[in-house]
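As a plain string of letters, each chain reads:
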Amino acid sequence: MVRPANVSRPALSLAAVAFALFGVARTTGSGWLIVILTGIAAVVALASLLPPFGLRKVRVSVEAPREGTVGRTAELTLDVTSGGASRPVKLLPLGFEGPWTGVVTPAHGRLPLVPLRRGVYTSVLLDVRSAAPFGLVWWKRRVLVELARPFEVGPMPINVRLDAPRGSEDTGTDDGRVASASADAVKTVREYVAGDPIKLIHWPATARAGELMVKELEAPVAPVLCIAVDLRTARLDDVAVEGAASRAAGLALAAINAGVPVTLLTAEASGPRSGPVSSAGDVNRRLARAIAGGLPPPPRGTDPIVVSPA
């Protein structure tokens, strides 16, 4: 729906001149003042009535990036048309922080914005305004644009202290294993090959075989940091919930940067989810989809760190 937005200062000045001329013409009866007043009235009428018709023809398509972060600038790719005509318009994304962007249709370009809330966006609401052709009276129209792919906005990570991953000795076979094997765990023994370190010689096997035998060691099992992101809270406190998501993001990224594998336990609209994350993008997308709800059980052998609004 097209609605009036605002009247520009030149339009107000023109209206003031028209009223002044009307007063003079009424007093003096001057014919040429009536002619000028009629011309001004025609311009004001056209400036007020033409923009809504052109604004109804404006079409906007938007392509969003795959992901974003609260408080960090992202860019939408826009295509703006108006039925083949050239028309100046201004656009502003609603629900985000960003400047007005002016274009002349048809136009293709980028619209900067800063996400203010975490979540998965499937559409973008734009405030589109135009005062064409005279630029005197502005009209506005809200345009809801569906995105071809969701725009996943994760929390702004905050710095947290990274403790050593915790777990039991029962590692099982889940992806949530913790370190239970050391570099000294022997996988097998084999014949010595020139260049093998002397410290790897397996002396009991050498004595039995009568020739040098060396140990092949089990690769150490990397510790896993299991983070349970429980966004349930007894009271409606968005600040506390978003703070918990930001702490979880900071903790996961600190672990990944330290080379520690991370498993996230979250609740999503489709249900509980447990899975590894290996990059900042993985963390961002998982926490963008995280909601308040029941969490899955932790992988066997892990003691998860619970991050919650409390």
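Residues numbered from 1 in each chain as written. Predicted model: local features only at pLDDT ≥ 70, side-chain atom pairs only at ≥ 80, totals over all residues. Heavy atoms only, no water.

The next subject is the packing of helix H1 (residues 9–28) against helix H2 (residues 31–56). The interhelical angle for the contact between H1 and H2, taken along N-to-C directions, is 150°, at an axis separation of 9 Å. In terms of axis orientation, H1 runs roughly antiparallel to H2. Crossing angle aside, the handedness with which H1 passes H2 is left-handed. Mapping the contact onto sequence places Leu14, Val17, Ala18, Leu21, Phe22, Val24, Ala25 and Thr28 in H1 and Leu33, Ile34, Ile36, Leu37, Ile40, Val43 and Val44 in H2. Here the residues of the contact of H1 with H2 sort into 14 nonpolar, one polar and no charged. (Axes fitted to C-alpha atoms, helices over the stretch in contact; angles between N-to-C directions. Helix = DSSP H or I, 4+ residues; strand = E, 2+ residues; numbered from the N terminus. Parallel < 35°, antiparallel > 145°, perpendicular 65-115°, else oblique. Left-handed = near helix turned anticlockwise from the far one by under 90°. Contact = heavy atoms within 4.5 Å. Nonpolar A, V, L, I, M, F, W, Y, C, P; charged D, E, K, R; others polar.)

So, on to the environment of glycine 271. Locating glycine 271 in the fold gives a position in strand E15 (residues 271–277). Sequence spacing of glycine 271 and isoleucine 227 is 44 residues, and the spatial spacing of their C-alpha atoms is 17 Å.

We now examine H1. Every α-helical turn comprises 3.6 residues, leaving residues that sit three or four positions apart pointing alike. Its 20 residues place the ends of H1 29 Å apart at the C-alpha level, agreeing with the 28 Å of an ideal helix rising 1.5 Å per residue. Taken residue by residue, H1 has Ala11, Ala18, Leu21 and Ala25 as its buried positions. The buried residues of H1 occupy one face: seen down the axis, they fall within an arc of 80°. For H1, exposure combined with an orientation more than 90 degrees from the buried face picks out Arg9, Leu12, Phe19 and Thr27. As for H1, its buried residues are in contact with strand E1 (2–7) and H2. (Expected span 1.5 Å × (residues − 1). Buried < 20%, exposed > 50% of the residue type's maximum accessible area, 1.4 Å probe, protein only. Arc of directions from axis to C-beta.)

Time to look at the packing of helix H4 (residues 238–257) against helix H5 (residues 280–289). Packing of H4 against H5 brings their axes to within 10 Å, and their N-to-C directions diverge by 160°. Overall, the two elements H4 and H5 adopt an arrangement that is roughly antiparallel. The interaxial crossing formed by H4 with H5 has right-handed handedness. Contacts between H4 and H5 pair Ala245, Ala248, Ala249, Ala252, Leu253 and Ile256 from the former with Ala280, Val283 and Leu287 from the latter. Of the residues that constitute the contact of H4 with H5, the class distribution is nine nonpolar, no polar and no charged.

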